[in-house]
Amino acid sequence: MELMVVYRFLRKISDWTMSGFYSEVCITGGEHVPRDGPVIIAATHHNEIVDIAALSATISYRRRVCYWAKSSLFKNPISGALLTSSGSIPVYRNPNSSSSPFPSNSNSLQADLFRHTSAALAAGKVIGVFPEGTSYTEPGIVQVKDGAAWAAVEYAKAMNLSGKEGKELVIVPAAIVYTDKSKYQSRVCVRYGKPIAVGKYAARLDPESAESTRFVVKEITAAIDSQLKHLTVNAPDWKTLRAACAARMVFWRNEDHIPLDRFVDISQKFVDALLPRSDEMETRKAILNRYLALLHFAGTSHSALEVLYPFVDYNEDFPMRALLWPSRIRTGVTLLFQLCTTMFHPRALLFFPVFVVHVPGYITGWFAARMLTIPNEEEAKAQFKAIFGGLGFALSYGLLMRACVKLAVKFTDPVLSPIRKGGVAVFINKIVRLSALCDCLAGRQGLLNRALGTLATAVGMTWSLWKWHNALVYVNYRQWKRFLTAFRVFTGLLLPPSFDLPADQLLAYSTLPLPVENPYIKRHVVDPPRSSSALVGEVTVTQSSVRNADNARSGAQGPLIPTRRLIRHLFSARSEACRALKESLDGQTLG
């Protein structure tokens, strides 16, 4: 039995990352992952190394996953040692490029990859592959490369040549779906799809025909592509996807109430409801996009707005349009109430001590995400927040433990603390044995006991602080967001309408900026008469990817402005979005 010390350590960090950064982690389809035998996990890849943490923390039976990793990561001595010790397999991206250290050994490098992969599968291990080839942010699955299929076929060939018999290899598609992948305390659902049995495809392999091998690889790739699309939310373009997101939040009022195991299905229903092409539908999508954009630029959310100022559906000819937003008195009272709730509610008072301990982690995580990513780059933010936030937490825990140890040792010192010999010390010794522990920490019972005492104290304190923090952070973070919304609404409506952003300048804030496009995504133009998806070489090309490429050229973001200038526009946009949603659904049942 392998000890897997490095892998277990990294998996524990993955557990902490998922439970600390996200408020809820849901797993569906876990029964599709077999308890033993060779498995290839073909997962979506939209959130950098957080995807690896998600798979490692959620895979059934806590099985060890050997990931394919970029060869460049192995060049660093530290990361290379960690990856090698955890069972990762290097993948050489673009081996024929001039920047590759082995430009002339493309075939041998590929052979090494499949040989190591086949050896791991023959030992009954799990291989983790991200068939999209790179992490990206798009409105749907853009490309699925055939690496996972080739690995499966090469393993089948190797087993046939060796004449060995064993458990059949299966490919389990996995979709890692985030409600808002870069947002702290958002939610994530890991969906494992139905296993793809490689045996029925391998039976059609002809050892003498390379063409049959390529055909089988394409078939397996198409099966993976189909399942990944079924497990995720897919829209033809950003306008439709964002309109569906706005419609979903308006319909549900609070998206945290959406069951995570139904999040994808519900979201896809909203996308499908907005797909029919007509002038009326395009207008409704524009209205929904404008509301979503104004929420973003105003720094608030629909759920917070609904809790503070629920929407009232007036008739279209309602004469008093000003009542679309609350009065100044109401916003002032609401702000005062939210301030008191944020500061003096029992849950806030209980959370305050542990909040102070974790402040360095909040700061380092926020600063790293701001400095180490480029604007509108979504997939790298979460990993920097999690990594540097975790380092900040570790620093806080270390300093706090050191201070507590010093204080405890000083309190129990036989010279400096005469109370040690009194009745209080006897009580402490009998009830919690604090004095004996402090003797260990002070080294009065030997270095080994001191080390063990320090380790026990560190583990106990870290576990307690982590549980304490995670039990209260979500409700207090949500309340903090409501307070900020109340403050922004109050300041926005306190000023007269003449201070609002003029209507002719509002267009720049009516569309969200597009995420940065990943240069490793291969896009191919597909003729309109052909089918909506077709395999071209190693890439599944879709009509949506072509439309996304055209869509990515449009849109310009205006300069940053005070959020108070958008508040009245926001309330008006909410009213229009609610009516647009009502017209778009037209009797459909969603949710």
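Just so we're clear, the structure is a prediction, and the values are computed from it rather than from any experiment. Residue numbers run consecutively from 1 along every chain, following the written order of its sequence. Given that this is a predicted model, residues contribute local features only at a pLDDT of at least 70 and side-chain atom pairs are listed and counted only at 80 or more, while totals for whole chains, interfaces and linings are drawn from all residues. Side-chain metrics rest on all non-hydrogen atoms present in the structure, leaving aside hydrogens and water.

Colleague: Would you explain the packing of helix α8 (residues 238–252) against helix α9 (residues 263–273) in this entry?
Modeller: The description of two helices packed together rests on the angle between their axes and the distance between the axes. As a rule, the C-alpha atoms of each element are fitted with a line to give its axis, helices using only the stretch in contact, and angles between N-to-C directions run from 0 to 180 degrees. Helix numbering and strand numbering both begin at the N terminus, where a helix is a DSSP run of H or I of at least 4 residues and a strand a DSSP run of E of at least 2. As a packed pair, α8 and α9 sit with axes 8 Å apart at the nearest point and diverge in direction by 115 degrees. When the interaxial angle is binned, α8 and α9 end up roughly perpendicular. In the crossing of α8 with α9, the sense of the turn from one axis to the other is right-handed. Side by side, α8 and α9 meet where T240, L241, A244, A247, R248, F251 and W252 of the first sit next to F263, I266, S267, F270 and V271 of the second. Residue classes in the contact of α8 with α9 are distributed as nine nonpolar, two polar and one charged. Working rule for angles: under 35 degrees goes down as roughly parallel, over 145 as roughly antiparallel, 65 to 115 as roughly perpendicular, anything else as oblique. Working rule for handedness: look at the near helix, and if it is turned counterclockwise from the far one by less than a right angle, call the crossing left-handed; if clockwise, right-handed. In this description, contact between two residues means that some pair of their heavy atoms is separated by no more than 4.5 Å. Each residue is assigned to one class: nonpolar for Ala, Val, Leu, Ile, Met, Phe, Trp, Tyr, Cys and Pro, charged for Asp, Glu, Lys and Arg, and polar for all the others, Gly among them.

Colleague: Mind showing me how you'd approach the side chain of T300 here?
Modeller: Counting through the fold element by element, T300 comes out in the loop between α10 (279–298) and α11 (302–308). Think of it in three bands: residues with accessible area under 20% of the maximum for their type are buried, residues over 50% are exposed, and the middle band is partly exposed, with areas taken using a 1.4 Å probe on protein chains only. On the basis of relative accessibility, which here comes to 17%, the residue T300 falls in the buried class. At a separation of 2.6 Å, a polar atom in the side chain of T300 contacts the side chain of T485. Setting aside chain neighbours within four positions, we find T300 in contact with L295, T485, R488 and L570. Polar contact is the term for a pair of N or O atoms within 3.5 Å; when the atoms are in protein, one must be able to donate a hydrogen and the other to accept it, and sequence-neighboring residues count only if both atoms are side-chain atoms.

Colleague: Quick question: what am I supposed to make of the state of the cysteines here?
Modeller: Every disulfide links exactly two cysteines, by a covalent bond between their sulfur atoms. By disulfide we mean two sulfur atoms from cysteines, separated by a distance within 2.5 Å. Summed over the entire model, instances satisfying the criterion amount to zero disulfides. Free cysteine C26: the closest other cysteine sulfur is in C189, separated by 3.8 Å. A residue is classified by how much of its surface remains accessible, and C26, at 14% relative accessible area, is buried.

Colleague: Even after reading the chapter, I still don't get unusual backbone geometry, so can you show me in this structure?
Modeller: Backbone geometry follows two general trends: most residues other than glycine have a negative phi, and most peptide bonds adopt the trans configuration. Positive phi values are uncommon outside glycine, yet R62 reaches one of about 55 degrees. Its place among the elements puts R62 in the loop between α2 (49–58) and β3 (65–70). The class for R62 is partly exposed, based on a relative accessible area of 35%. Despite not being glycine, R253 has its phi angle at roughly 65 degrees, a positive value. Mapped onto the elements of the fold, R253 is located in the loop between α8 and α9. Exposure remark for R253: the relative accessible area of 43% places this residue in the partly exposed category.

Colleague: Could you clarify how one ought to interpret the confidence of the model for the protein in this entry?
Modeller: The predicted coordinates of low-pLDDT regions are not to be read in fine detail. When the pLDDT values of the protein are averaged, the result is 84; 81% of them are 70 or greater. Long-range and interchain partners of residues 95–104, a stretch whose pLDDT sits below 50, account for 12 contacts in this model, where long-range means more than four residues apart. Within the model, the stretch residues 525–555 combines pLDDT values under 50 with 61 contacts to residues more than four positions away or in other chains. Note on scores: pLDDT gives the predictor's confidence for each residue, bounded by 0 and 100.

Colleague: I keep staring at the pairing of strand β6 (residues 170–178) and nothing clicks. Help me out?
Modeller: Two faces make up the sheet, and in a regular strand the side chains alternate between them. Counting buried residues along β6, nine of its nine residues qualify, which places the element largely inside the surrounding structure. With burial as the criterion, each face of β6 is covered, one bearing V170, V172, A174, I176 and Y178 and the other bearing I171, P173, A175 and V177. By definition, two strands form a pair when at least two bridges between them are found by DSSP. Where β6 meets strand β8 (residues 196–197), two bridges bridge the pair, whose relative direction is antiparallel. When the sheet's bridge partners are listed, V170 is paired in β8 with A197.

Colleague: Which parts of the structure should I look at to understand helix α13 (residues 346–371)?
Modeller: In an α-helix, one turn spans 3.6 residues, which is why side chains three or four residues apart end up on the same side. Relative to the 38 Å expected for 26 residues at 1.5 Å per residue, α13 spans 36 Å between its end C-alpha atoms, a close match to the ideal helical length. What we call the bend at a residue is the angle made by axes fitted to the seven residues finishing there and the seven residues starting there. Maximal helix bending in α13 amounts to about 50 degrees, located at H358; proline P360 follows within four positions. Those residues of α13 that fall on the buried side of the exposure criterion are A348, F351, V354, V357, H358, G361, G365, A368 and A369. Under the convention used throughout, the expected extent of a helix is 1.5 Å for every residue step, that is, one less than its residue count.

Colleague: I would appreciate a short explanation of the nonpolar core in the present structure.
Modeller: Nonpolar side chains in soluble globular proteins generally cluster together in the buried interior. Of all hydrophobic cores here, the largest spans 60 residues; its most connected members are F270 and Y291. Elements with a minimum of two residues in this core: β6, α8, α9, α10, α11, α17 (447–494) and α19 (567–585). Counting residues per element, this core draws most heavily on α8, which supplies 10 residues. For our purposes a nonpolar core is just a set of buried Ala, Val, Leu, Ile, Met, Phe, Trp, Tyr and Cys residues, chained together by side-chain atoms within 4.5 Å.

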